[in-house]
Amino acid sequence: KIKTTMSDDYAERATKFGLASKDSLKDLVASSDDTVFLDVRSAGELEASSFKSNKPVVHIPVTMGDQSEITEKAPELLPNKDAPIVVFCGVGGRASKAIAALEKLGYSKLYNAGGLKDMGYLTES
């Protein structure tokens, strides 16, 4: 089978990076007033395409090898450690690294949404 879009590999990436199910994320976003989206893509990626939501969207860049910025900025930018935080990047790998760093800081409701290309269903009305 030829993959026609990058989203075709969602199931594979879900296993590799621990992505949350699309149905559970859609339900979470619809039912939780305090959900926050955390965009961990680079500044360049953010300029190229952005994620629009009626929920707060926080940007803290993370790389596969360096999560120091999230460790430094999360306490200020994400003060509620009990709020659901939906983390996304380009594919899902950096989001998984960000989640690991946030878990060490005591955040408890963390969800890996994968890549921005996967998230159109969360902005549908």
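Everything here concerns the structure above.
The structure contained in this document is the topic of the report that follows. (Residues numbered from 1 in each chain as written. Predicted model: local features only at pLDDT ≥ 70, side-chain atom pairs only at ≥ 80, totals over all residues. Heavy atoms only, no water.)

## Section: the nonpolar core
Phase 1: Membership of the largest hydrophobic core comes to 19 residues, with the highest contact counts inside it found for L38, V40, I70, L78, V87 and L102.
Phase 2: Every element with two or more residues in this core is listed here: β1 (36-39), α4 (68-77), β3 (85-89) and α5 (93-104).
Phase 3: Take this core: its biggest share by element is 5 residues, from α5.
Phase 4: If we ignore the near neighbours within four places in the chain, the residues touching V87 are L38, V40, A95, A98, I99, L102, Y111, N112, A113 and G114.
Phase 5: Membership of the second largest hydrophobic core comes to 11 residues, among which are A20, F37, F51 and V86. (Core = buried A, V, L, I, M, F, W, Y, C linked by side-chain atoms within 4.5 Å. Buried < 20%, exposed > 50% of the residue type's maximum accessible area, 1.4 Å probe, protein only. Helix = DSSP H or I, 4+ residues; strand = E, 2+ residues; numbered from the N terminus. Contact = heavy atoms within 4.5 Å.)

## Describing the packing of aromatic side chains
Phase 1: Summed over the entire model, instances satisfying the criterion amount to 2 aromatic pairs.
Phase 2: In textbook terms, an aromatic cluster arises when at least three aromatic residues are bridged by ring pairs, as seen for F37, F51 and F88.
Phase 3: Positioned above the aromatic ring of Y107, the side-chain terminus of K81 is 5.6 Å from the ring centre. (Phe/Tyr/Trp six-rings, centres within 6.5 Å; stacked < 30°, edge-to-face > 60°. Lys NZ or Arg CZ within 6 Å of the ring centre and 35° of its normal.)

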